[in-house]
Amino acid sequence: MKLNYDRKSKDPTYFIQVGIRNGKKVTTKNVERIGKHSELLKITDDPLEYARQKVKEYNDKLKNSKVEYNIPINFDDKVINQGNIVSKSTCRNIGYFYLKALYSSLGISDFFDKACRARKIAFHPNSINMVLTFSRILDPGSKMHTLKNLSRFYGDFDFSHQDILRFMDILAENYDEYLSHLFESSNKAIKRNTSVCYFDCTNFYFEKESEDEDVYDEITGERIKGLLKYGVSKEHRPNPIVQMGLFMDADGIPLSMCINPGSDNESLCAVPAEKKMLRMFENKDIIYCADAGLGYSDTRVFNDFGGRKFVVTQSIKKLSDVLKQAVFHDFDYRFSQDGRPVSLEAMKTFDRTVKENRKYYDGYIYKSIPIDKPVDLGLFEIRRYKNGKTKRIRSKGNLKQRIIVTYSRKMAEYQKTVRNRQIERAKKILATMDPESFKKGPNDVTRFIKSDKEKKNYFLDETRIQEEAQYDGFYAVATNIFDMKETEVLDIQSRRYRIEDCFRILKTNFSSRPVYHHKENRIKAHFLICYTALLIYRLLEVKLDRNKTHFTTGQIIETLQNMNVVNCSDMYYQACYTGSDVLDSLEQLFDLKLNRKYYLPKTLNKFKKI
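Within any chain, residue numbers begin from 1 and follow the written order of that chain's sequence. Residue-level local features of this predicted model are given only where pLDDT is at least 70; pairs of side-chain atoms are given and counted only at 80 or more, and the full residue set underlies all totals for whole chains, interfaces and linings. Side-chain calculation: all heavy atoms of the structure are included, whereas hydrogens and water are not.

Trainee: Please set out the overall build of the protein chain residue by residue, giving values where relevant.
Mentor: Only DSSP runs of H or I covering at least 4 residues are called helices, and only runs of E covering at least 2 are called strands; the numbering of each starts at the N terminus. Regarding its fold elements, the protein chain presents 21 helices and 20 strands. We take the radius of gyration over the C-alpha atoms and set the globule estimate at 2.2 Å times the residue count to the 0.38 power. For the protein chain, the C-alpha radius of gyration of 33 Å lies well beyond 25 Å, the compact-globule estimate for 610 residues. Taken along its principal axes, the extent of the C-alpha atoms in the protein chain is 120 × 75 × 55 Å. Only protein chains enter the calculation, and the probe is 1.4 Å; a residue is then buried if its accessible area is under 20% of its type maximum, exposed if over 50%, and partly exposed in between. Relative to its 610 residues, the protein chain shows a buried fraction of 47%. Long-range contacts, defined as pairs at least 24 residues apart, comprise 67% of the intrachain contacts of the protein chain with a sequence gap of at least 6. The accessible surface values rely on the Shrake-Rupley method and a 1.4 Å probe; as for residues, cover is taken only from the protein chains in view. Here the protein chain has roughly 34,200 Å² of accessible surface; of this, 48% comes from carbon and sulfur atoms. The average position of the 105 basic charges and that of the 82 acidic charges among the side chains of the protein chain differ by 2 Å. Contacts are assigned to residue pairs with any non-hydrogen atoms lying within 4.5 Å of each other. All tallies of charge rest on Lys and Arg as positive and Asp and Glu as negative; His and the ends of each chain are not included. Charged groups are reduced to one reference atom each: NZ for lysine, CZ for arginine, CG for aspartic acid, CD for glutamic acid.

Trainee: Talk me through the environment of Ala-250; I want residue IDs and the actual numbers.
Mentor: With respect to the secondary-structure elements, Ala-250 resides in the loop between strand 8 (241-248) and strand 9 (254-261). A relative accessible area of 8% places Ala-250 in the buried class. Placed 313 residues apart in sequence, Ala-250 and Met-563 show a C-alpha to C-alpha distance of 31 Å. Those residues in contact with Ala-250 that lie beyond four places of it in its chain are Asn-193, Val-196, Tyr-198 and Arg-495.

Trainee: Just give me the short version of the packing of helix 17 (residues 497-509) against helix 18 (residues 520-546), but keep the residues and values in it.
Mentor: The N-to-C vectors of helix 17 and helix 18 enclose an angle of 120°; their axes lie 11 Å apart at closest approach. With respect to helix 18, the axis of helix 17 lies oblique. Where helix 17 crosses over helix 18, the handedness of that crossing is right-handed. Together, Arg-498, Asp-501, Cys-502, Ile-505 and Leu-506 of helix 17 and Cys-530, Leu-534, Tyr-537, Arg-538 and Glu-541 of helix 18 make up the contact between the two elements. In this count, Pro and Cys sit with the nonpolar residues alongside Ala, Val, Leu, Ile, Met, Phe, Trp and Tyr, while Asp, Glu, Lys and Arg are called charged and the others, Gly among them, polar. Of the residues in the contact of helix 17 with helix 18, the class split is six nonpolar, no polar and four charged. Convention adopted: a line fitted to C-alpha atoms gives each axis, helices being fitted over their contacting stretch, and angles between N-to-C directions are expressed from 0 to 180 degrees. In these notes the angle categories are as follows: under 35 degrees is roughly parallel, over 145 is roughly antiparallel, 65 to 115 is roughly perpendicular, and the rest is oblique. For any pair of crossing helices, the crossing counts as left-handed if the nearer helix is rotated counterclockwise from the farther one by less than a right angle, and right-handed if it is rotated clockwise.

Trainee: Tell me what's going on with the packing of helix 19 (residues 553-562) against helix 20 (residues 581-590), and back it up with residues and numbers.
Mentor: Orientation of helix 19 relative to helix 20, taken along the N-to-C sense of each, is 85°, at an axis distance of 9 Å. By the angle class used here, helix 19 and helix 20 are roughly perpendicular. Listed contacts from helix 20 to Gln-555, Ile-556, Thr-559 and Leu-560 of helix 19 are Val-582, Leu-583 and Leu-586. Taken together, the residues of the contact of helix 19 with helix 20 sort by class into five nonpolar, two polar and no charged.

Trainee: I'd love a proper account of the sheet that holds strand 20 (residues 598-599), names of residues and values included.
Mentor: Two strands in a sheet stick together by hydrogen bonds in their backbones, pointing the same way (parallel) or opposite ways (antiparallel). Two strands pair if DSSP finds at least two bridges between them. With antiparallel pairing, four strands are arranged side by side in an open sheet as 4-18-19-20. With partners counted over all chains shown, the strands left at the sheet margins are strand 4 (91-93) and strand 20, one partner each.

Trainee: Any details on the pattern of salt bridges? Residues and values, ideally.
Mentor: Between Lys or Arg on one side and Asp or Glu on the other, a salt bridge is scored when a side-chain nitrogen of the former is within 4 Å of a carboxyl oxygen of the latter. Within the structure shown, the criterion is met by 34 salt bridges. Its salt-bridge partner being Asp-249, residue Arg-192 comes within 3.1 Å of it at the nearest N-O pair. Of this pair, Arg-192 sits in the loop between helix 8 (175-189) and strand 5 (196-205) while Asp-249 is found in the loop between strand 8 and strand 9, placing the two residues 57 residues apart along the sequence. For the pair Arg-192 and Asp-249, a shared accessibility class is recorded, and that class is buried. The partner of Arg-334 in a salt bridge is Asp-332, with the nearest N and O atoms 3.9 Å apart. By sharing partners, the salt bridges in this structure join Arg-498, Asp-501, Arg-504, Arg-538 and Glu-541 into a single network.

See below:
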């Protein structure tokens, strides 16, 4: 605040004037009239000194965040049309300041400064990456959508659509280095639990009707497979897809990812992706955890012979007959809560309406079955026979592992209920179905329908129904961990749902599909942006959880989305949001003082430098 008056006037009027910097716009406004020189002579001998004292008092009030503004309002003033076809909101989001605090802690700006040091570019890669990341969380949409809605964020962001595309090319060129940087910097930003590494795959569909063609290198003749391919879509769509493999730590924070063609078998991408990730870990001991599709023999051998542990889902249906007998044999089962021996038959027949039996209904029983399996090492040895002849044979190794089998009465009843509903649907199909259009799927309700040899008569397959019923309530995991209790191993496996939660956030909350890019480098850059958004959100979520304040994804994102401010005559900003539990918790963590009703422009401008 400063004193403003006409120094050439014989009877000047003294005002308290404020200088306002709002973005690139700098203005001054008189916020209070002190009085005319002749008027002030009635109360003081030195009007100029009196006015200066008033300005000093006003500045003291401002330091204590208490001032009074006299703002004239004309209700006849109209909004000015500046050539816009559609009216735009004047609200600006400041909720992203919390995300920016986490983003800055990852040192991404330094990474892009180093990566683009030898480039002559007019745009700022970090600024574009930051906006695209925050938009993916708060206002997901296409890159053009983000560009059109830049004004929704408080700040000065100035770049073109061409700048975004050029930035994505730079990001794709530094794919592996960027992932490594995020992993290393996130370890400094928060204490991470990387003792367990979860891995799973999903796929994303594209708004395109044809897949990418394979190309051949003119020099080497090597076939380079296209990224966008037809495959088995998780959403049962006919569009081409791209496969994503995601690694996650024990707290649900992403570790790394891989992008593969949509036609690739996801089980074959686990080992190559894990090799890349282990280079970031510097071969640190981890426990690899995945579902049955990504826990096949090669993955188990790779981790076991590499001195690492694994915990993977094991399909009981695919076990040998001898192991199936061991599973169903009512011997050595123990209760999960106290480890006492419990009969399998007792778990199947107890009265769950009795209060004392509630703990058995909510719990489960388990037993461990050790198995040794000979596996191919991928090596050869020369065997010499007595007659002097030699033969080159494959070397075999012994994979030591055990299968932990569980049985849950609650899960058995749930699976039985689901199957009974499917049987009812199968009966309706039999009553109305055209045999010519009959198609049998491996997991749909038609698996319970069987036909005769001539395929003229269709009926329920009672044998199939009874066969599936015997597996109700059973679940198994395979592991090479022998120095850990069975319940502890099962606890590791039980947290695998969080990686599915990561995919749900990516697809539902962040709207990462459908993808509109067609070039391979742009596709990879798109998923790197989505990955960055997921990493920052998970870091925020874990910080809140460790502060013993848990909120759902929707609650956190909605709070950040609603944190908008409106410009009041360029003099101050007023909050357009209410207080909440989420906001209080965020303030406890970051102390950014964004729970105020009013803000000076210079106060909000400080957050641009975070």
